[in-house]
Amino acid sequence: MGAIEVSKSEKKQYQKLKLISEIALVKEHIRFFEQKYGCGFEEFEARVKQEEEHYEKWDDYLEWKAYQRSLEGLRKTIGEIDGARDIRITE
């Protein structure tokens with residue numbers, strides 16, 4: 001079989017597309033919570049911290065917070081890919 005050539009630009013684009021698909025899934029989960037509670041994360045977080053303990057809301061808060069962090073991490077990784085200079089293909 002012959003050699004396959006992949007440019008740095010193509011590799012970056014591929015990695016970014018994978019991350020974008022992950023971002024789309026995370027955003028769907030975030031949208032679910034926004035619709036369920038009728039607000040954004042920061043407002044919900046403030047509400048949960050002021051209320052007496054409510055297990056379902058607290059569980060949702062922890063899950064939503066994890067999705068928020070995941071989204072931030074994925075966006076940061078996309079930025080790192082944009083700035084990457086040394087790209088290697090490994091097996």
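Residues numbered from 1 in each chain as written. Predicted model: local features only at pLDDT ≥ 70, side-chain atom pairs only at ≥ 80, totals over all residues. Heavy atoms only, no water.

A. Quick peek at the overall build of the chain. The secondary structure content of the chain amounts to 3 helices and 0 strands. Within the chain, the fraction of its 91 residues that count as buried is 22%. Of the contacts made within the chain by residues no fewer than 6 positions apart, 68% connect residues no fewer than 24 positions apart. Total accessible area on the chain is roughly 7,300 Å²; 51% of this is exposed by carbon and sulfur atoms. (Helix = DSSP H or I, 4+ residues; strand = E, 2+ residues; numbered from the N terminus. Buried < 20%, exposed > 50% of the residue type's maximum accessible area, 1.4 Å probe, protein only. Contact = heavy atoms within 4.5 Å. Areas by Shrake-Rupley, 256 points an atom, 1.4 Å probe, with all protein chains shown as cover.)

B. Quick look at the packing of helix α1 (residues 8-37) against helix α3 (residues 55-83). Running from amino to carboxyl end, α1 crosses α3 at an angle of 155 degrees, the nearest separation of the two axes being 9 Å. It follows from the interaxial angle that α1 and α3 lie roughly antiparallel. Of the two elements, α1 crosses α3, and the hand of that crossing is left-handed. Among the residues making up the contact of α1 with α3, the classes are represented as 13 nonpolar, 5 polar and 12 charged. (Axes fitted to C-alpha atoms, helices over the stretch in contact; angles between N-to-C directions. Parallel < 35°, antiparallel > 145°, perpendicular 65-115°, else oblique. Left-handed = near helix turned anticlockwise from the far one by under 90°. Nonpolar A, V, L, I, M, F, W, Y, C, P; charged D, E, K, R; others polar.)

C. Just the nonpolar core, in detail. Counting 17 residues, the largest nonpolar core has Val 26, Ile 30, Tyr 37, Phe 44 and Trp 64 as the members making the most contacts within it. Going through the elements one at a time, α1, α2 (41-50) and α3 are the ones with two or more residues in this core. In terms of residue count, the dominant contributor to this core is α3 (7 residues). Leaving out residues up to four positions away in the same chain, Tyr 37 has contacts with Phe 44, Arg 47, Glu 56, Lys 57, Asp 60 and Trp 64. (Core = buried A, V, L, I, M, F, W, Y, C linked by side-chain atoms within 4.5 Å.)

D. Expanded view of the packing of aromatic side chains. Inspection of the entire model under this criterion finds 8 aromatic pairs. A ring pair is formed by Phe 41 and Tyr 61, whose centres lie 5.8 Å apart and whose planes are at 5 degrees; its orientation type is stacked. With Phe 41 in helix α2 and Tyr 61 in helix α3, this pair connects stretches of sequence that are 20 residues apart. With respect to class, Phe 41 is no different from Tyr 61; both count as buried. Judged by its relative accessible area of 9%, Phe 41 is buried. (Phe/Tyr/Trp six-rings, centres within 6.5 Å; stacked < 30°, edge-to-face > 60°.)

E. Representation of α2. Residues Phe 41, Phe 44, Glu 45 and Val 48 constitute the buried set of α2. The arc that holds the buried residues of α2, viewed along the axis, is 100 degrees, so those residues lie on one side. Opposite the buried face of α2, by more than 90 degrees, sit the exposed residues Glu 42 and Gln 50. Buried residues belonging to α2 abut α1 and α3. (Arc of directions from axis to C-beta.)

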